[in-house]
Amino acid sequence: MIRILLAALLLICLASGAVVAWGYASFTRPGSLDQPAIVYIEPGSGLFAIAETLADNGVIDDPFVFRIGVRVVGIATKLRAGEYSFPARLSPLEAARVLERGETVLRRVTIAEGLTSQEVVAQLMAVEGLYGDVGRRVPEGAILPETYYFSYGDARTQIIDRMMEAMETALAELWPTRDQSVPIDTPREALILASIVEKETGVAAERPRVAAVFINRLRMGMRLQSDPTVVYGITEGAGPLGRRLTRADLRQETAYNTYVIDGLPPGPIANPGRAAIEAVLRPAQTNELYFVADGTGGHVFSTTLEEHNRNVRKWRKIRDQQTGGDG
């Protein structure tokens, strides 16, 4: 009888050992996923739901093996939600380690220089992977244009907060580096003028020169006469005007029409980039007071009104040739 019991016990031990060996091999051997997969684990998902999600997406072959395995290695409660990229042929253990580390997929959104805050908010609302509304009115000029990284499921309010903090940091860093002779008294004034410079030129090398024109005008008490400020006064930052400015537009009395008002407008007309702010704080050393488009995306600069008028006539001729004289 004792021999029978010992034999039975031995068989049970051998069977248990075989099960353990099979389980370990199943938990550590490469899976059948033949190409990388992006999988989103919903917040609040329990172990059962996580295993089923991974199995449904082909990351693991057996949810049961995964559940038992993560319990045995002690990480069942350490698996994090989020969007993950799983390489091909990953073992269940390796898949679990990915979730334990919480290294979620990083997405990105790039905010271009010169967009208004309304345009930035509209862009964020269209970004896949973010949730919720911005939740507030975003002041013009409060956002620093650059590339921001986020994880799937992040809140839009968080992204806006980071964008605004980045602008505050940039202004705090750049303001002490300013040319003390520049007639700009506050960081906000620098931000306002930088937004005008940003809208006036898309050519990086021109920014310090465009800034110098406006700085020289401020020194002399001349009006800035910037077309983008006129557009902003009409659209209030909703987007492009969609047509050519008219003489009536240039005479229209708005708080932002720098053909009508003296000095700077009351606020920024867009969100300027770091380079535009630097250009305002450290403009080019020049006596130029005018600039006009040259037909190739850049501008022609001049120091006298007579020279400027000649350049304007050349520009109008080029423009008419490009548009067939329409408008």
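Remember, it's a predicted structure, so these values are computed and weren't measured experimentally.

A. Expanded view of unusual backbone geometry. Although it is not a glycine, Arg89 sits at a positive phi angle of roughly 60°. Relative to the helices and strands, Arg89 is located in the loop between strand E2 (82–86) and helix H4 (92–101). One non-glycine residue with positive phi stands out, namely Gln225, at about 50°. Looking at Gln225, the relative accessible area reads 37%, which means it is partly exposed.

B. Quick peek at helix H9 (residues 227–235). Buried within H9 are the following residues: Pro228, Thr229, Val230, Tyr232, Gly233 and Thr235. Positioned one or two residues after H9, Glu236 has a phi angle of 55°, which is positive.

C. Representation of the packing of helix H6 (residues 156–174) against helix H11 (residues 274–281) within the structure. Put simply, H6 and H11 touch, their axes get as near as 11 Å, and they point 30° apart. When the interaxial angle is binned, H6 and H11 end up roughly parallel. Considering only the axes of H6 and H11, their crossing is right-handed. The residues of H11 that touch H6, namely those facing Met167, Ala170, Leu171, Glu173 and Leu174, are Arg274, Ile277, Glu278 and Leu281. For the contact of H6 with H11, the residue count by class is six nonpolar, no polar and three charged.

D. Structural context of helix H8 (residues 207–220). Over its 14 residues, H8 extends 20 Å from the first C-alpha to the last, a length consistent with the 20 Å expected when each residue adds 1.5 Å. Along H8, the residues classified as buried are Arg207, Val210, Ala211, Ala212, Val213, Phe214, Ile215, Asn216 and Arg217. For H8, the secondary structure elements touched by its buried residues are helix H7 (187–200), H11, strand E5 (290–293) and strand E6 (299–302). Immediately beyond the C-terminal end of H8, within one or two residues, lies Gly221, with a positive phi of roughly 80°.

About the criteria used
- Residues numbered from 1 in each chain as written.
- Predicted model: local features only at pLDDT ≥ 70, side-chain atom pairs only at ≥ 80, totals over all residues.
- Heavy atoms only, no water.
- Helix = DSSP H or I, 4+ residues; strand = E, 2+ residues; numbered from the N terminus.
- Buried < 20%, exposed > 50% of the residue type's maximum accessible area, 1.4 Å probe, protein only.
- Axes fitted to C-alpha atoms, helices over the stretch in contact; angles between N-to-C directions.
- Parallel < 35°, antiparallel > 145°, perpendicular 65-115°, else oblique.
- Left-handed = near helix turned anticlockwise from the far one by under 90°.
- Contact = heavy atoms within 4.5 Å.
- Nonpolar A, V, L, I, M, F, W, Y, C, P; charged D, E, K, R; others polar.
- Expected span 1.5 Å × (residues − 1).

Bear in mind that shape data such as this cannot, by itself, settle questions of function.
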